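# Tertiary structure, described
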Amino acid sequence: MTTDTTPHTEDVLTDAGAARITWHHAPGRARLVLAASHGAGGGIEARDLAALAAVLPAHGVTVALVEQPWRVAGRKVAPAPKTLDTGWRGVWPALAEPGLPVISGGRSAGARVACRTAADLGARAVLALSFPLHPPGKPEKSRAEELLGAGVPTLVVQGGNDPFGKPAEFPEGDHELVEVARADHGFAVPGRADLTQEEALRVITDAVVRWTAALG
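Quick summary incoming for the structure in this document.

How each quantity is defined
Residues numbered from 1 in each chain as written. Predicted model: local features only at pLDDT ≥ 70, side-chain atom pairs only at ≥ 80, totals over all residues. Heavy atoms only, no water. Helix = DSSP H or I, 4+ residues; strand = E, 2+ residues; numbered from the N terminus. Rg over C-alpha atoms; globule rule 2.2 N^0.38 Å. Buried < 20%, exposed > 50% of the residue type's maximum accessible area, 1.4 Å probe, protein only. Contact = heavy atoms within 4.5 Å. Areas by Shrake-Rupley, 256 points an atom, 1.4 Å probe, with all protein chains shown as cover. Lys, Arg positive; Asp, Glu negative; His and termini not counted. Charge placed at Lys NZ, Arg CZ, Asp CG, Glu CD. Core = buried A, V, L, I, M, F, W, Y, C linked by side-chain atoms within 4.5 Å. Axes fitted to C-alpha atoms, helices over the stretch in contact; angles between N-to-C directions. Parallel < 35°, antiparallel > 145°, perpendicular 65-115°, else oblique. Left-handed = near helix turned anticlockwise from the far one by under 90°. Nonpolar A, V, L, I, M, F, W, Y, C, P; charged D, E, K, R; others polar. Expected span 1.5 Å × (residues − 1). Bend = angle between axes of the 7 residues up to and from the residue. Phe/Tyr/Trp six-rings, centres within 6.5 Å; stacked < 30°, edge-to-face > 60°.

## Examining the overall build of the chain
Each helix and strand counted, the chain has six helices and eight strands in total. Here the chain has a C-alpha radius of gyration of 16 Å; the compact-globule value for 216 residues is 17 Å, and the two agree. Dimensions of the chain along its principal axes, counting C-alpha atoms only, are 45 × 35 × 30 Å. Counting the 216 residues in the chain, one finds 51% classified as buried. Contacts spanning at least 24 positions in sequence make up 61% of the contacts within the chain whose residues lie at least 6 apart. Taken as a whole, the chain presents about 9,600 Å² of accessible surface, with 52% of it coming from carbon and sulfur. Charge separation in the chain, taken as the distance between the mean sites of 21 positive and 24 negative side-chain charges, equals 4 Å.

Printed below as a string of structure tokens:
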């Protein structure tokens, strides 16, 4: 049982370099750990990751936000997918150390990593935020195989105007998809949208709270 819920960081050495985990512990006894990493163009300060870290602990889910080694090292460009997978695999023992089921998650490139590695790592489930189904304007370069091959319960949360793949473009499969209306790849919504930015983030957190409750 955890009584100190102050966020704290932990550096973890991986074969891709030093990664960093920022832990947001659930008060009392946690049921799950949600481990989530960032995309190729930003860090764990992304609005969706920050919202989940603020909301989920009160629902019994400890949130571990993971900075990949390239971000910790201060580099501007993400490495190849294989190197991202190496960094994620290297941090996994620390994520599993509390002895709780771990949801493998991430946004954008981080979502792809989570899908590619979930089955091998024994993840309880996958949370894919803004899954980049294809490069913008190139639907023929589909990454659907990564999503469909996750092999564990998967929740996709996707912006309605995401240029990397709108909800209607996603294939049918063994995953649940929640749409954030009018949102872009970063879940930003235009000022003229029917919902505010705060409401858009609540769509994300409400969906993840509901989904994690069903996982156990």
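Now that the structure is up, let's keep going.
## Some details on the nonpolar core
Grouped together as the largest cluster of nonpolar side chains are 34 residues, with contacts concentrated most on Leu-52, Leu-56, Ile-103, Leu-127, Leu-129, Val-157 and Ile-204. Among the elements that take part in this core, helix α6 (residues 197-215) stands out by supplying eight residues, more than any other.

## What about the packing of helix α3 (residues 81-96) against helix α4 (residues 109-121)?
Interhelical geometry of α3 versus α4 gives an angle of 45° and a closest axis separation of 10 Å. With respect to α4, the element α3 is oriented oblique. With respect to the hand of their crossing, α3 and α4 are arranged in right-handed fashion. When α3 is examined against α4, the residues Pro-81, Leu-84, Asp-85, Trp-88, Arg-89 and Trp-92 are found in contact with a partner set consisting of Val-113, Ala-114, Arg-116, Thr-117, Asp-120 and Leu-121. Residues belonging to the contact of α3 with α4 are distributed by class as follows: seven nonpolar, one polar and four charged.

## Points about α4
Here α4 contains 13 residues, and its C-alpha end-to-end distance of 18 Å stays within 8% of the 18 Å for a straight helix at 1.5 Å per residue. The largest bend along α4 measures about 30° and falls at Cys-115. Of all 13 residues making up α4, 10 are buried, and the element is well covered by its neighbours. What α4 keeps buried is the set Ala-109, Gly-110, Ala-111, Arg-112, Val-113, Ala-114, Cys-115, Thr-117, Ala-118 and Leu-121.

## Let's talk about the packing of aromatic side chains
For the structure shown, the criterion picks out two aromatic pairs. Taken together, a centroid distance of 6.4 Å and an interplanar angle of 65° make the contact between Phe-131 and Phe-170 edge-to-face. With Phe-131 in the loop between β6 (125-129) and α5 (144-148) and Phe-170 in the loop between β7 (154-159) and β8 (176-180), the pair connects residues that are 39 residues apart, well separated along the chain.

Purely geometric numbers; function is a separate question.
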